[in-house]
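Residue strings, one per chain:
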Number of protein chains: 2
Amino acid sequence: MDQIKIFAPATVANVSCGFDVLGFALDTIGDEMHIRKSDKKGITITKIVGEDLPYDAKKNVVGAAGYALLDALNSDAGFEIDIYKKIKPGSGIGSSAASAAGTVFAINKLLGNPFNNTELVRFAMEGERLACGSAIADNVSAALFGGFTLVRSYAPLDIIKINTPNQLYATVIHPQIEIKTADARRVLKDTVPLKDAIKQWGNVGGLISGLYTEDYGLISRSLHDYVAEPFRSVLIPGFDLVKQKSIEAGALGCGISGSGPSIFALSKGLENAQKVADAMKEVYKNIGIDFYVYVSKINTEGVKIIS
Amino acid sequence: MDQIKIFAPATVANVSCGFDVLGFALDTIGDEMHIRKSDKKGITITKIVGEDLPYDAKKNVVGAAGYALLDALNSDAGFEIDIYKKIKPGSGIGSSAASAAGTVFAINKLLGNPFNNTELVRFAMEGERLACGSAIADNVSAALFGGFTLVRSYAPLDIIKINTPNQLYATVIHPQIEIKTADARRVLKDTVPLKDAIKQWGNVGGLISGLYTEDYGLISRSLHDYVAEPFRSVLIPGFDLVKQKSIEAGALGCGISGSGPSIFALSKGLENAQKVADAMKEVYKNIGIDFYVYVSKINTEGVKIIS
């Protein structure tokens, strides 16, 4: 195999209760990447369509992730990469994670799968380090493993793929405002009141239990965030109303996707997810902020080979 | 049915990572209680064997829990209760919880089951309020539901029964020292560093995932406590050595049972659990502290009718 075309999914991190540890992958929005073996050592970005991002591989998450993999092998292999960027950088649905995850997935395939998924997460995290200054694993794990993923531990890195109920659909709205991940981190406190932390891990336990037992009611009751949402939601105009209208429209829960500004909701069934999308759109139409909306089944495969 | 004899299990709360939310029930240690309908209104404690506890029902957890149930029904029914106390008060394996859970289970049965398990937990929590000043739910939930239980939320009360892998055994050692629950609470901090809280809920997620998928390795990797053990373990002489020797003997994990002084370990298989018991005993023999040791399959039924 000399070349590969892949789909690298957008992802929702945190999932309300699971700050820095939970994520899931989407099916209807993601980047496309074409990766070819090349005689020129290292990573060469040959095309970027859709966004204005650096061609210098050392300054692009694609290079940061790809070189982390190649360096681990002491490899002098070469790859050309075309990037068809569909996920907006700064959207909060794992734009950098998709590029990083797609790159390491594809290179690993072209090299005959020397690494497992958890090892690929480690390389993709180097893309995240370049993109946001912190080697977070929640988005890249969801992008590589697919479905719901838990980053149980960072040291050692331990990624657990959680069962995904079949009727679970996501609605994501991306209001066209900018929140930098670094800013979204800065509004958080360094400490959590113990009583809030207890509620948070009670809900992590509830959500994971609900995912395994496919108990949509329990999933719904567990989708609360006492740690990030109270501080970050004020950075997103319209958040409270979007959340209220989504729940009224039948969503199981609604929260900030990653560090925002995108807002996600989970619903049982496609029809509910579409009603939630309509409710979300209505809010931003009234406020007068442009937006993109995505409705998607949970992607349970992660990065996919297109051809 | 006019009378009932029940077994009310000892329980291990917190289970390392799940401070205030997780618990499990034991099979080989618990109280026995005989409860009879009586013409005398209210709760009369007619016998207490094994421990020196108050016969005045208003001052005994049995009365606090039982009257909470009767008051909710506006009932003028009467019950006589004989308590055969096998679990030492102050042991950290849910002595008051067993008495409270056993009482409400038995009265509920004798009244024709007006309440479900979660409602019974709420009444039993009144026993905990009397015993330790705080209406905690982790021990009483495990005692009433059996198996591993998650207190997802206190308000509203939401108890989830988690799958219990068949080969999971507990070893518990109760060193004969006294730690008051109130003191054990006082050494804890009011706030948790966010980075530790993230590790804690990552492990809650990992443990619950491991329980559902019966992945003993994942259960083992998840049994860590960054919140209570670092502060409380210093109150238990020999704790660090017991933990080290238990792990060396093959335990999946080891931690403080509830607020101590009992120490629990989980193991795969009875044989391993017995090896862990031997390793624990050896430590306290060398230190010169008396102890009781229990090896038990996880009790998946909770309070049981004996006859």
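Position numbers for residues start from 1 in each chain and track the written sequence from start to end. Chain labels run from A onward and ligand labels from 1 onward, assigned in the order the entries are written. For a predicted model such as this one, the threshold for reporting local features is a pLDDT of at least 70, and the threshold for listing and counting side-chain atom pairs is 80 or more; totals across whole chains, interfaces and linings nevertheless cover every residue.

(A) Molecular detail of the overall build of chain A. A run of H or I in DSSP becomes a helix once it reaches four residues, and a run of E becomes a strand once it reaches two; helices and strands are each numbered from the N terminus. Across its full length, chain A holds 10 helices and 12 strands. The globule rule puts the C-alpha radius of gyration for 307 residues at 19 Å, and the 19 Å found for chain A is close to it. Considering only C-alpha atoms, chain A reaches an extent of 55 × 40 × 35 Å along its principal axes. Within chain A, the fraction of its 307 residues that count as buried is 58%. Here the contact rule is simple: place C-beta atoms from the backbone, and any two residues whose C-beta atoms are within 7 Å are in contact. At a minimum sequence separation of 6, the contacts of chain A that also span at least 24 residues come to 74%. Our radius of gyration looks at C-alpha atoms and nothing else; its globule reference is 2.2 Å times the residue count to the power 0.38. For the exposure call, what matters is how many other C-beta atoms sit within 10 Å of a residue's own: 20 or more marks it buried, 12 or fewer exposed, and in between partly exposed, using C-beta atoms placed from the backbone.

(B) Expanded view of the relation of the copies chain B and chain A. C-alpha atoms of residues with pLDDT of at least 70 in both copies form the basis for the least-squares superposition of the copies. By a simple turn and slide, chain B fits onto chain A: the slide is 0.0 Å along the axis, the RMSD is 0.0 Å, and the turn is 180°. Seen this way, the second copy is the image of the first under a two-fold rotation axis. When you check the interface residues of chain B against chain A, 100% turn up at the interface there too, and the contact is symmetric in its surfaces.

(C) Just the confidence of the model for chain A, in detail. On average, residues of chain A carry a pLDDT of 96, and 100% of them reach 70 or more. Across the predicted assembly, pTM comes out at 0.96 and ipTM at 0.96. What pLDDT reports is the predictor's confidence in each residue, on a scale of 0 through 100.

(D) Examining the domain arrangement of chain A more closely. Residue and element names in this part refer to chain A. Segmentation of the chain into domains, including their bounds, is taken from an automatic or database domain assignment. Domain annotation for chain A reports domain 1 (3-162) and domain 2 (168-297). Facing 24 residues of domain 1, the contacting portion of domain 2 comprises 32 residues. Residue assignment for the side of domain 1 that touches domain 2 shows that the elements contributing at least two residues are β1 (3-13), β2 (22-38) and β5 (148-154). The element contributing the most residues to the side of domain 1 that touches domain 2 is β2, with four residues. Each residue is assigned to one class: nonpolar for Ala, Val, Leu, Ile, Met, Phe, Trp, Tyr, Cys and Pro, charged for Asp, Glu, Lys and Arg, and polar for all the others, Gly among them. In the side of domain 1 that touches domain 2, the residues fall into 12 nonpolar, 10 polar and two charged.

(E) Local environment of the sheet that holds strand β11 (residues 291-297) of chain A. All names here are of chain A. If you walk across this open sheet you meet the four strands as β9-β10-β7-β11, and the pairing is antiparallel. Unpaired on one side and paired on the other, β9 (253-256) and β11 mark the two borders of the sheet. Going from strand to strand, the sheet's axes swing by 20° on average, the running direction of each strand aside. Whether two strands pair comes down to DSSP finding at least two bridges between them. Where strand β7 (residues 168-175) lies against strand β10 (residues 263-268), six bridges are found, and the strand directions are antiparallel. When the bridges of β10 are listed, Ala170 appears paired with Leu266. For every element, the axis is a line fit to its C-alpha atoms; helices are fit only across the contacting stretch, and the angle between N-to-C directions ranges from 0 to 180 degrees. Relative to β9, helix α9 (residues 239-248) is tilted by about 160°, and along the sheet it contacts β7, β9 and β10.

(F) Quick peek at the packing of helix α6 (residues 194-213) of chain A against helix α6 (residues 194-213) of chain B. The interhelical angle for the contact between α6(A) and α6(B), taken along N-to-C directions, is 25°, at an axis separation of 9 Å. As summarised for this structure, α6(A) and α6(B) are arranged roughly parallel, according to the angle between their axes. The way α6(A) lies across α6(B) gives a crossing that is right-handed. The residues of α6(B) that touch α6(A), namely those facing A:Ala197, A:Gln200, A:Trp201, A:Val204, A:Gly205, A:Ile208, A:Ser209 and A:Tyr212, are B:Ala197, B:Gln200, B:Trp201, B:Val204, B:Gly205, B:Ile208, B:Ser209 and B:Tyr212. Any angle from 65 to 115 degrees is called roughly perpendicular, while one under 35 is roughly parallel, one over 145 is roughly antiparallel, and all others are oblique. Note on convention: the crossing is left-handed when the near helix lies turned anticlockwise from the far helix by less than a right angle, right-handed when the turn is clockwise.

(G) A look at unusual backbone geometry. Residues and elements named next belong to chain A. With an omega of 0°, the peptide bond running from Ala155 to Pro156 counts as cis. Take Pro156: it is sitting in the loop between β5 and β6 (157-162). The omega angle of the peptide bond from Gly260 to Pro261 is 5°, so this bond is cis rather than trans. Its location among the elements puts Pro261 in the loop between β9 and β10. Unusually for a residue other than glycine, Asp20 sits at a positive phi of about 70°. Along the polypeptide, Asp20 turns up in the loop between β1 and β2. Of note in this structure, Glu214 is not a glycine but carries a positive phi near 55°. The class for Glu214 is partly exposed, based on 15 C-beta atoms found within 10 Å.

(H) Structural detail: helix α9 (residues 239-248) of chain B. Residue and element names in this part refer to chain B. If you check which residues of α9 are buried, you get Phe239, Val242, Lys243, Lys245 and Ser246. Looking at the buried side of α9, the elements it contacts are β7 (168-175), β9 (253-256), β10 (263-268) and α10 (270-287). Of the residues flanking the end of α9, it is Gly250, one or two places downstream, whose phi is positive at about 115°.

(I) Quick look at helix α3 (residues 117-132) of chain A. Residues and elements named next belong to chain A. When the terminal C-alpha atoms of α3 are compared, their 22 Å separation across 16 residues agrees well with the 22 Å that a helix rising 1.5 Å per residue should span. With 12 of 16 residues buried, α3 is to be regarded as a mostly interior element. Residues of α3 that are buried include every one of Leu120, Val121, Arg122, Phe123, Ala124, Met125, Glu126, Gly127, Glu128, Leu130, Ala131 and Cys132, and no others. In the stretch just after α3, Gly133 is the one whose phi turns positive, near 85°. Each helix should span, by expectation, one fewer than its residue count multiplied by 1.5 Å.

(J) Representation of the sheet that holds β7(B) within the structure. Residue and element names in this part refer to chain B. Read across the sheet, four strands follow the order β9-β10-β7-β11 without closing on themselves; strand pairing throughout is antiparallel. A single partner strand is all that each edge strand has here, and the edge strands are β9 and β11 (291-297). Taking the axes of each pair of neighbouring strands and ignoring which way they run, one obtains an average angle of 20° across the sheet. The sheet contact formed by β7 and β11 spans seven bridges and is antiparallel. When the sheet's bridge partners are listed, Pro175 is paired in β11 with Phe291. Here α9 sits on the sheet and contacts β7, β9 and β10; the angle it forms with β9, its principal contact strand, is near 160°. Where α10 meets the sheet, its contacts fall on β7, β10 and β11, and the angle it forms with β7 comes to roughly 15°.

(K) Structural view of the environment of A:Asp71. Examined against the element boundaries, A:Asp71 turns out to sit in helix α1 (residues 61-73). Separated by 189 residues in the primary sequence, A:Asp71 and A:Gly260 place their C-alpha atoms 32 Å from one another.

(L) Layout of the interface of chain B and chain A. With 34 residues of chain B at the interface, the matching set in chain A holds 34 residues. Secondary-structure elements contributing two or more residues to the side of chain B that touches chain A are β5 (148-154), β6 (157-162), β8 (191-193), α6 and α7 (216-222) of chain B. For the side of chain B that touches chain A, the leading source of residues is α6(B), giving 14 residues. In terms of residue class, the side of chain B that touches chain A is made up of 17 nonpolar, 10 polar and seven charged. Pairing analysis gives three bridges linking strand β8 (residues 191-193) of chain A to β8(B), with the strands arranged antiparallel. When the bridges of β8(B) are listed, A:Pro193 appears paired with B:Thr191.

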